[in-house]
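# Descriptive analysis of the structure
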Amino acid sequence: MAACSMFRTSYFSLQPHHPLTPHRFPTTHFTPIEATISSSSDPTATAPPSNKLKHRRPADENIRDEARRHSSSHNFSATYVPFNADPTSTESYSLDEIVYRSRSGGLLDVQHDMEALKKFDGQYWKSLFDSRVGKTTWPFGSGVWSKKEWVLPEIDSDDIVSAFEGNSNLFWAERYGKQFLGMHDLWVKHCGISHTGSFKDLGMTVLVSQVNRLRKMNRPVVGVGCASTGDTSAALSAYCAAAGIPSIVFLPANRISIAQLVQPIANGAFVLSIDTDFDGCMQLIREVTAELPIYLANSLNSLRLEGQKTAAIEILQQFDWEVPDWVIVPGGNLGNIYAFYKGFHMCKELGLVDRIPRLVCAQAANANPLYLHFKSSWKDFKPVKAGTTFASAIQIGDPVSIDRAVFALKNSNGIVEEATEEELMDAMAQADSTGMFICPHTGVALTALIKLRNSGVIKPTDRTVVVSTAHGLKFTQSKIDYHSKEIKDMACRYANPPVQVKADFGSVMDVLKKYLLSKDSKC
Ligand SMILES: Cc1ncc(COP(=O)(O)O)c(C=O)c1O
Ligand SMILES: N[C@@H](CCOP(=O)(O)O)C(=O)O
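Residues numbered from 1 in each chain as written. Chains lettered and ligands numbered in written order. Predicted model: local features only at pLDDT ≥ 70, side-chain atom pairs only at ≥ 80, totals over all residues. Heavy atoms only, no water.

### Topic: the UniProt feature "modified residue: N6-(pyridoxal phosphate)lysine" (unreviewed entry) in the protein chain
- Those places that UniProt annotates as "modified residue: N6-(pyridoxal phosphate)lysine" (unreviewed entry) correspond, in this numbering, to Lys200.
- Setting aside residues no more than four positions away along its own chain, Lys200 makes contact with Asp231, Thr232, Ala235 and Arg304. (UniProt positions renumbered as here; feature names shortened; annotations may be inferred. Contact = heavy atoms within 4.5 Å.)

### With respect to the site of ligand 1
- Inspection of the region around ligand 1 gives 15 residues, with Asp231, Gly332, Asn333, Leu334 and Thr469 positioned closest.
- One of the backbone nitrogen or oxygen atoms of Leu334 is found 2.7 Å away from an oxygen atom of ligand 1.
- Contact distances for ligand 1 include 3.4 Å between an oxygen atom and a backbone N or O atom of Ala393.
- For ligand 1, the protein covers 98% of the area, taking 380 Å² as the surface of the free molecule.
- Split by residue class, the shell around ligand 1 holds six nonpolar, seven polar and two charged. (Near = heavy atom within 4 Å. Polar contact = N/O pair within 3.5 Å; in protein donor to acceptor, adjacent residues only side chain to side chain. Areas by Shrake-Rupley, 256 points an atom, 1.4 Å probe, with all protein chains shown as cover. Nonpolar A, V, L, I, M, F, W, Y, C, P; charged D, E, K, R; others polar.)

### A short note on the state of the cysteines
- For the coordinates displayed, the defined rule picks out zero disulfides.
- Summary of cysteine pairing: Cys347 is not part of a disulfide, and the nearest cysteine sulfur, belonging to Cys191, is at 15 Å.
- Among the residues examined, Cys347 registers a relative accessible area of 0% and is labelled buried.
- The thiol sulfur of Cys361 is not disulfide-bonded, and the nearest other cysteine sulfur, from Cys439, lies at 14 Å.
- A relative accessible area of 0% means that Cys361 is categorised as buried. (Disulfide = S-S within 2.5 Å. Buried < 20%, exposed > 50% of the residue type's maximum accessible area, 1.4 Å probe, protein only.)

### Thoughts on the site of ligand 2
- Residues in contact with ligand 2 amount to 13 residues; listed here are only the nearest, Ser228, Thr229, Thr232, Ser299 and Arg304.
- A distance of 2.9 Å is found between an oxygen atom of ligand 2 and a side-chain nitrogen or oxygen belonging to Lys200.
- Here an oxygen atom of ligand 2 sits 2.7 Å away from a polar atom, N or O, in the side chain of Arg304.
- Across the shell around ligand 2, the residue classes tally to three nonpolar, seven polar and three charged.

### Section: unusual backbone geometry
- Residue Pro139 is bonded to the preceding Trp138 through a cis peptide linkage, with omega at -10°.
- The phi dihedral of Phe164 falls on the positive side, at around 50°, and the residue is not glycine.
- You can see Phe164 is positioned in the loop between α7 (148-151) and β4 (170-172).
- Look at Phe164 and you get partly exposed, because its relative accessible area is 31%.
- One non-glycine residue with positive phi stands out, namely Asp320, at about 55°.
- Take Asp320: it is sitting in the loop between α14 (310-318) and β10 (326-330).
- A residue is classified by how much of its surface remains accessible, and Asp320, at 60% relative accessible area, is exposed. (Helix = DSSP H or I, 4+ residues; strand = E, 2+ residues; numbered from the N terminus.)

Pasting the structure below:
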């Protein structure tokens, strides 16, 4: 019972009419949990503090029922508006409408009622978000839904489809930073250590939750579909399967890893392997979703970015709301770089921090339309035909979010870098040799860091975060090829192939001695 007051914290402390309105919060260390307990009219509030935090819901209740029992109203809301709209524009759509493009055919953005959010000061939001970390409270235990008021404020917690995603590890790359870059404040945000092994879970929980709501409202959504280079499809199929919603995925044949291909198959999606590249699949899914009652799940749909932006908020939170100098994100369809910008920008606008980091978007040289655009000083953008790359999830030549990415980079004093195949594979191998197990896309981001350190743009003392977007286990074939030196025209300088040895003591001793001597000479 006592813990109910803790559970209620997040709701009660958000009520503008509550006696503890944020304007009256002390600016020093406030936590909503403490405030709610001490101000609660709940008689159990007089119990000793140790008991207050103990929580056991009735045996016949699950965490969703419990959330339902504690739900209450608030004044937060959000709508779709044309992306980067003229301030005089009045065009807007309810999030319950099925709309992906503005009237003029441009991108959309989810716009929050910032005035309502601003009624609460930065300290309030920090304390609220901090109070929710690491819990199993539905839905706030999720790193995405712990920021629900800034993500999808109006959705009923009952409609949310979540795998308690987010809250991913921010890894201090101590040895890699020191050994390869002379840096002591280098961090890797492991967004790929996640339910389906990539950052896509962050956006997909939001999109599938909204679809769940639409279907309960009897809106015409028979299934959800996407084009994918392997990670969006994995996330879509998992979240849809969890909610019992049909999913349809368009995959470019022979261009994604086996691990990624098997994910939607296992999750029961309808999988189309199409003889084209990702851009071809994207074109097809756009045409199909315009004709059939299939909801579009790619990041063209701005709902996805609302979830993805929470990774930026989480980084600030993990640094105790101190702002890093640089954040480096690998870019393909280019929704994520904007999502990061949006997360950081919201934190600044709502007073949680006083600046935002400089953003770097990193592309594979074989699929580099944004890099070329940046190098031309943002003159006319030209899509490219994306070539094969080990960073297969960013093999994209005609990114749908190009305008969002340019906006994010211009407004964060950002930079675009590129990585050749050899550079990205060497960077991945070096990072792995220091205890990571990253994907090739993270190799692209690390290459950007290496280049910017070598040119002196990033200083040795700059606090830098590299966003790791997928789990290395999805891309083991690329690592096998590298370590067996089987890649044409690549030296594979950091290959570490296994040693074949006869099954006898003498042979094993011989190779071991040789190995230990080589290590000893390096001491
Ligand atoms: C592993 C991985 N990294 C990076 C990206 C790039 O993200 P975005 O398409 O949002 O630029 C993607 C997907 O495109 C991805 O799957
Ligand atoms: N890498 C992505 C490509 C599609 O990006 P999206 O963010 O627009 O869905 C994938 O894994 O499919």
